[in-house]
Amino acid sequence: MVAKMNDMPSQADLRRIFEVDAQRGLLFWKKAPMFKAQLLGCESGCLKTKQSGYQYVAVKVNQRIYKRGRIIFMMVHGFDPNPLLDHIDGNSLNDAIYNLRPATHQQNAHNQGAKPRKVDLPAGVDAYKDQFRSRIFHNKKVMVIGYFNTANEAHIAYLKKARELRGDYTRW
């Protein structure tokens, strides 16, 4: 089980245990775990895959399991990102420091990208009478952006509004 966020060891403790390569998103054992001296200097962590297919690298510290990205973020910035750590490129295995940022649940959801659709229209667009309607879901409400003659115009309006509402957490 992955440890709760408030259980994260201090930055000083992590720096005693690990050497960090923040640009590549890797951790190396500076102080080997008990009875595992052969791990000294080796890359730490193992790949975990959830039933959903979500993958991450897990690292065990003081009998607790942490996601590698959280450890790297803590070692570089000195605080644990609450409540979530967002991978900017959407790749949960890319723990390079430039790819990590703190996020709320809502911001993280905005960065997940478009879900597969049954219709052949871009995200945020649906056919409405003889036009194309552009809509966006924000703060638990559906906002109609406008009605357009083409699906492309409606999609451009959607993208503009998404960037306006969600800022850098928009995937497009």
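Each remark here, short or long, concerns the structure printed above.
For the structure given in this document, a descriptive report is provided here. All chains use their own residue numbering, which begins from 1 and follows the written sequence. Only residues with pLDDT of at least 70 are given local features in this predicted model, and only at 80 or more are side-chain atom pairs given and counted; all residues enter the totals for whole chains, interfaces and linings. Side-chain measures here rest on the full set of heavy atoms in the structure, leaving out hydrogens and waters.

Pairing is antiparallel in the open sheet, where three strands are placed in the order E3-E4-E5. Every interior strand has two partners, whereas the edge strands, strand E3 (46-49) and strand E5 (64-67), have only one. Across the sheet, the mean angle separating the axes of adjacent strands is 45° when strand polarity is ignored. Strands pair, by our definition, only if DSSP identifies at least two bridges between them. Put simply, DSSP H or I for four residues or longer makes a helix, DSSP E for two residues or longer makes a strand, and each gets a number counted from the N terminus. When E3 meets strand E4 (residues 55-61), the two strands line up antiparallel, connected through four bridges. By the bridge assignment, Lys48 is partnered in E4 with Tyr56. Contacts from helix H2 (residues 68-77) reach E4 and E5, with the element oriented near 80° to E5. Here an angle of 0 to 180 degrees is reported between the N-to-C directions of two axes, which are lines fitted to C-alpha atoms, with helices fitted over the stretch in contact. Contact criterion: two residues are considered in contact whenever any of their non-hydrogen atoms come within 4.5 Å of each other.

Right, let's talk about the environment of Ser92 for a bit. Within the fold, Ser92 resides in the loop between strand E6 (84-87) and strand E7 (100-103). Considering only alpha carbons, one finds Ser92 and Asn62, 30 residues apart in sequence, at a separation of 23 Å. Ser92 has contacts with Tyr54, Gln55, Tyr56 and His87, leaving out every residue within four places of it along the chain. Polar contacts, as used here, are pairs of N or O atoms within 3.5 Å; protein pairs need one atom able to donate a hydrogen and one able to accept it. Residues neighboring in sequence count only if both atoms are side-chain atoms. At a separation of 2.3 Å, a polar atom in the side chain of Ser92 contacts the main-chain carbonyl oxygen of Gln55.

Opposite charge on two side chains permits them to pair, given that their charged atoms come into close proximity. Basic side-chain nitrogens of Lys or Arg form a salt bridge, by our definition, when they fall within 4 Å of a carboxyl oxygen of Asp or Glu. Per the counting criterion, the structure on display carries 11 salt bridges. Note that Arg64 and Asp7 form a salt bridge whose closest N and O atoms lie 3.2 Å from each other. Separated by 57 residues along the polypeptide, Arg64 in strand E5 and Asp7 in the segment before helix H1 (11-17) bring together distant segments of the chain. A relative accessible area of 27% places Asp7 in the partly exposed class. Throughout, exposure labels follow a simple rule: accessible area from a 1.4 Å probe, protein chains only, divided by the maximum for the residue type, with under 20% read as buried, over 50% as exposed, and the rest as partly exposed.

Pairing analysis gives seven bridges linking strand E9 (residues 131-138) to strand E10 (residues 141-148), with the strands arranged antiparallel. The residue bridging Arg133 from the neighbouring strand is Tyr147, located in E10. Here E9 hands over to E10 after two residues, with Asn139 in that stretch at a positive phi of 50°.

It is worth spelling out unusual backbone geometry at this point. The omega torsion across Asn82 and Pro83 is 0°, close enough to zero to call that bond cis. Secondary-structure assignment places Pro83 in the loop between H2 and E6. Of note in the backbone geometry, Asn139 takes a positive phi value of approximately 50° without being a glycine. The topology assignment puts Asn139 in the loop between E9 and E10. Judged by relative accessible area, Asn139 falls into the partly exposed class, the value being 47%. In this model, Lys140 sits at a positive phi of 65°, which is unusual for a non-glycine residue. Tracing the chain through its elements places Lys140 in the loop between E9 and E10. Taking relative accessible area as the criterion, Lys140 reaches 76% and is therefore assigned exposed.

Here, two cysteine sulfur atoms that lie within 2.5 Å of each other are counted as a disulfide. Tallied over the full model, the rule gives zero disulfides. Cys42 forms no disulfide, and the closest cysteine sulfur to it belongs to Cys46, at a distance of 14 Å.

Here we come to the environment of Ser52. Its location among the elements puts Ser52 in the loop between E3 and E4. In this structure the side chain of Ser52 is engaged in a polar contact, spanning 3.4 Å, whose partner is the backbone nitrogen of Tyr54.

A few words on helix H4 (residues 151-166). In a helix, the anticipated span is given by 1.5 Å times the number of residues less one. A rise of 1.5 Å per residue sets the reference length of H4, with its 16 residues, at 22 Å; its end C-alpha atoms lie 22 Å apart and thus fit the reference within 8%. A positive phi of about 60° marks Gly167, the residue just after H4.

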